[in-house]
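A closer look at the structure
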Amino acid sequence: AINAALDDNEIGLLIAETHEIEVTTPGASNELVGDIMFQAYKGFEVQCQFQDPKKKTNKTIEGRLVERNDEFTVINIKGRMKKINNDMVVSVKLPKAKKE
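On to the packing of aromatic side chains. Scanning the model with the defined rule gives one aromatic pair in all. Ring centres 5.0 Å apart and planes at 80° place the aromatic pair Tyr41 and Phe44 in the edge-to-face group. Looking at Arg68, its charged tip hangs above the ring of Phe38, at a distance of 4.4 Å from the centre. In this arrangement the basic side chain of Lys83 is found over the ring face of Phe72, its NZ or CZ atom lying 4.4 Å from the centre.

Attention now goes to the side chain of Asn86. Along the chain, Asn86 falls in the loop between strand 4 (80–85) and strand 5 (89–93). Judged by its relative accessible area of 14%, Asn86 falls in the buried class. A polar contact of 2.7 Å, which involves the side chain of Asn86, links it to the backbone oxygen of Asn69. Setting aside its immediate chain neighbours within four residues, Asn86 contacts Arg68, Asn69, Asp70, Glu71, Phe72 and Thr73.

Quick notes on the rules
- Residues numbered from 1 in each chain as written.
- Predicted model: local features only at pLDDT ≥ 70, side-chain atom pairs only at ≥ 80, totals over all residues.
- Heavy atoms only, no water.
- Phe/Tyr/Trp six-rings, centres within 6.5 Å; stacked < 30°, edge-to-face > 60°.
- Lys NZ or Arg CZ within 6 Å of the ring centre and 35° of its normal.
- Helix = DSSP H or I, 4+ residues; strand = E, 2+ residues; numbered from the N terminus.
- Buried < 20%, exposed > 50% of the residue type's maximum accessible area, 1.4 Å probe, protein only.
- Polar contact = N/O pair within 3.5 Å; in protein donor to acceptor, adjacent residues only side chain to side chain.
- Contact = heavy atoms within 4.5 Å.

The structure is reproduced here in C-alpha coordinates:
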(Lines give C-alpha, C1' and ligand atoms only; values in the text may rest on other atoms or scores of the structure.)
Protein backbone atom coordinates (compact mmCIF):
# COMPACT_ATOMS: atom_id res chain seq x y z
CA ALA A 1 0.00 0.00 0.00
CA ILE A 2 2.83 2.40 0.83
CA ASN A 3 4.66 1.62 -2.42
CA ALA A 4 1.49 2.20 -4.44
CA ALA A 5 0.93 5.58 -2.78
CA LEU A 6 4.52 6.65 -3.38
CA ASP A 7 4.52 5.44 -7.01
CA ASP A 8 1.33 7.39 -7.74
CA ASN A 9 2.99 10.65 -8.78
CA GLU A 10 6.32 12.41 -9.26
CA ILE A 11 6.44 13.76 -5.70
CA GLY A 12 5.91 10.25 -4.36
CA LEU A 13 8.83 9.00 -6.45
CA LEU A 14 11.08 11.76 -5.13
CA ILE A 15 10.14 10.87 -1.56
CA ALA A 16 10.74 7.16 -2.18
CA GLU A 17 14.15 7.79 -3.75
CA THR A 18 15.43 10.03 -0.94
CA HIS A 19 13.95 8.41 2.17
CA GLU A 20 14.00 5.03 3.80
CA ILE A 21 11.14 3.51 5.77
CA GLU A 22 12.15 1.40 8.76
CA VAL A 23 9.59 -0.72 10.55
CA THR A 24 10.38 -1.74 14.11
CA THR A 25 8.53 -3.36 16.94
CA PRO A 26 8.06 -1.09 19.96
CA GLY A 27 9.43 -2.65 23.11
CA ALA A 28 11.39 -5.36 21.29
CA SER A 29 14.80 -6.07 22.77
CA ASN A 30 17.86 -4.83 20.89
CA GLU A 31 20.02 -7.58 22.40
CA LEU A 32 21.07 -10.41 20.09
CA VAL A 33 20.38 -13.81 21.62
CA GLY A 34 20.77 -17.21 19.96
CA ASP A 35 22.39 -18.41 16.77
CA ILE A 36 19.49 -17.39 14.52
CA MET A 37 19.69 -13.73 15.59
CA PHE A 38 23.47 -13.64 15.18
CA GLN A 39 23.13 -15.12 11.67
CA ALA A 40 20.36 -12.65 10.75
CA TYR A 41 22.34 -9.61 11.91
CA LYS A 42 25.73 -10.46 10.36
CA GLY A 43 27.08 -7.29 8.77
CA PHE A 44 24.94 -5.00 10.94
CA GLU A 45 26.29 -2.33 13.27
CA VAL A 46 26.37 -3.63 16.85
CA GLN A 47 27.55 -2.63 20.30
CA CYS A 48 29.46 -5.37 22.07
CA GLN A 49 30.00 -5.18 25.81
CA PHE A 50 32.67 -7.49 27.20
CA GLN A 51 34.82 -7.99 30.26
CA ASP A 52 38.31 -6.54 29.95
CA PRO A 53 40.48 -9.02 31.88
CA LYS A 54 43.38 -6.56 32.24
CA LYS A 55 41.34 -3.76 33.79
CA LYS A 56 38.69 -6.02 35.35
CA THR A 57 35.94 -3.76 34.02
CA ASN A 58 33.36 -3.97 31.25
CA LYS A 59 34.24 -2.30 27.95
CA THR A 60 31.91 -1.49 25.03
CA ILE A 61 32.98 -1.40 21.39
CA GLU A 62 30.99 -0.54 18.27
CA GLY A 63 31.42 -2.09 14.86
CA ARG A 64 29.94 -4.54 12.37
CA LEU A 65 29.13 -8.09 13.41
CA VAL A 66 31.30 -10.42 11.32
CA GLU A 67 30.80 -13.77 12.98
CA ARG A 68 29.86 -15.61 16.13
CA ASN A 69 30.92 -19.21 16.57
CA ASP A 70 31.30 -21.55 19.55
CA GLU A 71 34.46 -19.78 20.74
CA PHE A 72 34.53 -16.18 19.53
CA THR A 73 32.46 -13.16 18.56
CA VAL A 74 34.18 -11.20 15.77
CA ILE A 75 33.51 -7.47 15.34
CA ASN A 76 34.85 -5.33 12.47
CA ILE A 77 35.97 -1.98 13.90
CA LYS A 78 36.92 0.34 11.04
CA GLY A 79 38.45 -2.52 9.05
CA ARG A 80 40.18 -4.21 11.98
CA MET A 81 38.84 -7.52 13.22
CA LYS A 82 38.40 -7.83 16.98
CA LYS A 83 38.00 -11.42 18.23
CA ILE A 84 36.39 -11.62 21.65
CA ASN A 85 36.20 -14.87 23.56
CA ASN A 86 32.49 -15.64 24.10
CA ASP A 87 33.18 -16.27 27.79
CA MET A 88 34.06 -12.57 28.07
CA VAL A 89 31.05 -11.23 26.11
CA VAL A 90 28.42 -9.64 28.35
CA SER A 91 26.03 -8.57 25.56
CA VAL A 92 25.76 -7.80 21.86
CA LYS A 93 23.10 -5.23 20.98
CA LEU A 94 21.85 -3.31 18.00
CA PRO A 95 22.46 0.43 18.49
CA LYS A 96 19.50 2.66 19.15
CA ALA A 97 17.84 3.97 15.99
CA LYS A 98 19.00 7.43 14.98
CA LYS A 99 16.26 10.03 14.87
CA GLU A 100 16.50 12.57 12.10
